[in-house]
Amino acid sequence: TRIITDDSLIKTITRILNEGEPEDESISQEICAGNTVLRAISAPALGPSRNVFWTVVGTVTVFEDITVFKQLDQMKSDFVNLVAHELRSPLVSVRQLNSVLLEGLAGPLEEKQGELVSRGTKKIDALLELINDLLDVAKIEAGKYVKHQVPTDIGQILKETVALMEPRAKAQGIVLAYSCRDLAPVQADPKSIEEVFNNLITNAINYSPQGGRVTVIAEVLGEHMEIKVEDTGVGIPPEELPKIFDKFYRVKHPKTRQVTGTGLGLSIVKGVVEAHHGTITVESVLDKGTIFRILLPVIP
């Protein structure tokens, strides 16, 4: 017999009891008990009351030992991490050699030779992007991606990111607009937050047709800051929305076949936002556009 005194579990049970209102949904969470990992599923226990038909009279929590599954998941992550590290170094070396050839430092290349070397270099860049994304996912899962959180001016980061993206949007015939209202500082890692905005705005531009519009809006709503990235792009089918943050998942649309990527960007974005105790949601209408909405807690 083992006594479990996990603070998060106690808070969950206390919250269920204090709410006093019957709920159909259960709350699932993972807790550690020594070297064992348990999944705890808590739900209200209902009973009759004088004032209402049903009320919460207690809680029921079911524990499931998922240690083996967590160990298998860790082994998978370690393997991917090892392979990614082992592949990156030789690929970087090959790319550097290709750059030497393209610059003519090893002698002049004929047009056809230069074209082939250039195409090979682009393939290497795509592999390096995939490897870097895999390593970022591994860091997020290990809790090591978001390192130094300091009071951060989100408005300034958004302003700089939008300015950086404007030439790209203009080249694709897309209007990129930015608006912010009375922003408050947020406890965040500036580098990782910048990558989140960079990813979302890049996606919005890539998935919008010529003549489209991408709008970035930031404002404080109570204890949180809301950042919205809206586009007038191809949209996402309703059946695909629940899978949009899954690893390697990419929306399939005839108009965006030319858009390349690893399918890990939004998974990384979600991991970074949650590491900042925030949330990210998505709304979309097919052939009308998409809205990504981020909520981050502001510093009191």
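Draft legend 1. Inspection of the overall build of the protein at higher detail. For the protein, the helix and strand inventory stands at six helices and ten strands. The C-alpha extent of the protein, read off along each of the three principal axes, is 90 × 45 × 40 Å. Per-residue burial for the protein yields a buried fraction of 38% across its 300 residues. A fraction of 64% describes how many contacts in the protein between residues 6 or more apart in sequence connect residues 24 or more apart. For the protein, the accessible surface area stands at approximately 18,400 Å², while carbon and sulfur atoms represent 55% of it. With 32 positive and 40 negative side-chain charges, the protein shows a separation of 4 Å between the mean positions of the two kinds.

Draft legend 2. How the structure looks around the side chain of Asp189. Secondary-structure assignment places Asp189 in the loop between β6 (186-188) and α5 (190-206). In this structure Asp189 is buried but unpaired, with Lys191 as the nearest side chain of opposite charge at 7.1 Å. Excluding its chain neighbours within four sequence positions, the residues that come into contact with Asp189 are Tyr145, Val146, Lys147, His148, Gln149 and His276.

Draft legend 3. Main features of helix α1 (residues 7-19). With 13 residues, α1 extends 18 Å from end C-alpha to end C-alpha; this agrees with the ideal 18 Å at 1.5 Å per step. Residues of α1 that are buried: Leu9, Thr12 and Ile16. One side of α1 carries all its buried residues, which in axial view fall inside an arc of 60 degrees. In α1, the exposed positions that point more than 90 degrees away from the buried face belong to Asp7, Lys11 and Asn18. Residues of α1 that are buried sit in contact with β1 (27-33), β2 (36-47) and β3 (55-65).

Draft legend 4. Molecular detail of the side chain of Ser267. With respect to the helices and strands, the residue Ser267 is situated in helix α6 (residues 265-275). Assessed through its relative accessible area of 14%, Ser267 is described here as buried. Apart from residues lying up to four places away in sequence, Ser267 is in contact with Phe245, Asp246 and Lys247.

Draft legend 5. Local environment of the pattern of salt bridges. One pass over the full model with this rule turns up nine salt bridges. Ionic pairing is found between Arg39 and Glu64, a salt bridge with its closest N-O pair at 3.0 Å. Of this pair, Arg39 sits in strand β2 while Glu64 sits in strand β3, placing them 25 residues apart in sequence. For Arg39, a relative accessible area of 28% puts it in the partly exposed group. For Glu64, a relative accessible area of 36% puts it in the partly exposed group. For Glu226, the salt bridge identified is with Arg293, shortest N-O distance 2.8 Å. Separated by 67 residues along the polypeptide, Glu226 in strand β8 (residues 224-231) and Arg293 in strand β10 (residues 289-297) bring together distant segments of the chain. The class for Glu226 is buried, based on a relative accessible area of 9%. By sharing partners, the salt bridges in this structure join Glu226, Glu283 and Arg293 into a single network.

Draft legend 6. Main features of the pairing of β1. Across the two faces of β1 the burial differs, with Ile27, Gln29, Ile31 and Ala33 buried and Ser28, Glu30 and Cys32 not buried at all. Inspection of the sheet shows β1 paired to β2 by seven bridges, in the antiparallel sense. For Ala33, the partnering residue across the bridge sits in β2 and is Thr36. Hairpin connection from β1 to β2: two residues lie between these consecutive antiparallel strands, with Gly34 at a positive phi of about 70 degrees.

Draft legend 7. Representation of the packing of aromatic side chains in the model. Enumeration over the complete set of coordinates arrives at one aromatic pair. Taken together, a centroid distance of 6.2 Å and an interplanar angle of 80 degrees make the contact between Phe245 and Phe292 edge-to-face. Taken as a pair, Phe245 in the loop between β8 and α6 and Phe292 in strand β10 lie far apart in primary sequence, 47 residues in all. The exposure class of Phe245 is buried, given its relative accessible area of 15%.

Rules used throughout
Residues numbered from 1 in each chain as written. Predicted model: local features only at pLDDT ≥ 70, side-chain atom pairs only at ≥ 80, totals over all residues. Heavy atoms only, no water. Helix = DSSP H or I, 4+ residues; strand = E, 2+ residues; numbered from the N terminus. Buried < 20%, exposed > 50% of the residue type's maximum accessible area, 1.4 Å probe, protein only. Contact = heavy atoms within 4.5 Å. Areas by Shrake-Rupley, 256 points an atom, 1.4 Å probe, with all protein chains shown as cover. Lys, Arg positive; Asp, Glu negative; His and termini not counted. Charge placed at Lys NZ, Arg CZ, Asp CG, Glu CD. Salt bridge = Lys/Arg side-chain N within 4 Å of Asp/Glu carboxyl O. Expected span 1.5 Å × (residues − 1). Arc of directions from axis to C-beta. Pairing = 2+ DSSP bridges. Phe/Tyr/Trp six-rings, centres within 6.5 Å; stacked < 30°, edge-to-face > 60°.

The analysis is restricted to geometry; functional conclusions fall outside its scope.
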